[in-house]
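Residue-level listing of the chains:
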Amino acid sequence: MSAIPVADDVLDADVAVLPLAEVAQEIGLSVNKVRQLLRDGQLLAVRRGGDLVVPADFLVGGQTVKGLTGLLTVLADAGFSRTEMLRWLYTSDETLPGSTPINALRTNHGTEVKRRAQAMAF
């Protein structure tokens, strides 16, 4: 996978982010385990102000959003870079419930989001 993108280049400033220590606390893992998730492509992070942070939208109820890991795998298999993945997850799409792929995932519409990601791969 490609290098960690800089948030200002990818995410709007109003997208809430969490430092890795908060992510670790939220999902009940060590910071090292969170870093391993990042290395394995099971979670995405960006640099904001020099710090490595994860979009808060990626977490819900003490865990990562259902379907996020599988979706990231589909996007990686389709050749998306981490920057492209983040941009796609936050791109407005009025035909999706929740208006963006990440919001659709958060509202239990993961099957539709994954289907669209798979369609982009062909």
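Residues numbered from 1 in each chain as written. Predicted model: local features only at pLDDT ≥ 70, side-chain atom pairs only at ≥ 80, totals over all residues. Heavy atoms only, no water.

- The name an unreviewed UniProt entry assigns to the protein chain is Rv2175c C-terminal domain-containing protein, from the organism Amycolatopsis viridis.

**Overview of helix α2 (residues 20-27)**
- Among the residues making up α2, those that are buried are Leu-20, Val-23, Ala-24 and Ile-27. The arc enclosing the buried residues of α2, seen along the axis, measures out at 100°, which places them on a common side. Turned more than 90 degrees away from the buried face of α2 sit Ala-21 and Gln-25, all of them exposed.
- Those residues of α2 that are buried are in contact with β1 (17-19), α3 (31-39), β3 (51-55), β4 (59-60) and β5 (63-64).
- Count one or two residues on from α2 and you reach Gly-28, which has phi positive near 70°. (Buried < 20%, exposed > 50% of the residue type's maximum accessible area, 1.4 Å probe, protein only. Helix = DSSP H or I, 4+ residues; strand = E, 2+ residues; numbered from the N terminus. Arc of directions from axis to C-beta. Contact = heavy atoms within 4.5 Å.)

**Overview of the environment of Glu-84**
- Inspection of the secondary structure assignment puts Glu-84 in helix α5 (residues 82-89).
- For Glu-84, a relative accessible area of 40% corresponds to the partly exposed category.
- With 22 residues separating them in the primary sequence, Glu-84 and Arg-106 have C-alpha atoms 19 Å apart.
- Within the local environment of Glu-84, its side chain forms a polar contact with the backbone nitrogen of Ser-81, the two atoms lying 2.7 Å apart. (Polar contact = N/O pair within 3.5 Å; in protein donor to acceptor, adjacent residues only side chain to side chain.)

**As for the sheet that holds β3**
- Pairing within the open sheet is antiparallel, and its three strands lie in the order β1-β3-β2. Two strands bound the open sheet, and with one partner strand each, they are β1 and β2 (46-48). In this sheet, adjacent strand axes meet at a mean angle of 55° when their direction is disregarded.
- Examined bridge by bridge, β2 and β3 share three bridges and lie antiparallel to one another. Bridge pairing in β3 places Arg-47 opposite Leu-52.
- Against the sheet, α2 engages β1 and β3, with an angle of about 90° to β1. (Pairing = 2+ DSSP bridges. Axes fitted to C-alpha atoms, helices over the stretch in contact; angles between N-to-C directions.)

**Some remarks on the side chain of Thr-100**
- Summarising the element assignment, Thr-100 is placed in the loop between α5 and α6 (101-106).
- Setting aside its immediate chain neighbours within four residues, Thr-100 contacts Leu-89, Tyr-90, Thr-91, Ser-92 and Asp-93.

**With respect to the nonpolar core**
- Core analysis: the biggest nonpolar cluster contains 37 residues, and Val-23, Leu-43, Phe-58, Leu-68, Leu-71 and Leu-89 have the highest contact counts within it.
- In terms of residue count, the dominant contributor to this core is helix α4 (residues 68-77) (five residues).
- With near-sequence residues (within four places) excluded, Phe-58 lies in contact with Leu-43, Leu-44, Gln-63, Thr-64, Val-65, Leu-68, Leu-86, Leu-89, Tyr-90 and Ile-102. (Core = buried A, V, L, I, M, F, W, Y, C linked by side-chain atoms within 4.5 Å.)

**Comments concerning the side chain of Arg-82**
- Tracing the chain through its elements places Arg-82 in helix α5.
- Within the buried set, Arg-82 has no salt-bridge partner at all; the shortest N-O distance to an opposite charge, 8.1 Å, is to Asp-40.
- Of the polar contacts made by the side chain of Arg-82, one reaches the backbone oxygen of Leu-38; its length is 3.2 Å. (Lys, Arg positive; Asp, Glu negative; His and termini not counted. Salt bridge = Lys/Arg side-chain N within 4 Å of Asp/Glu carboxyl O.)

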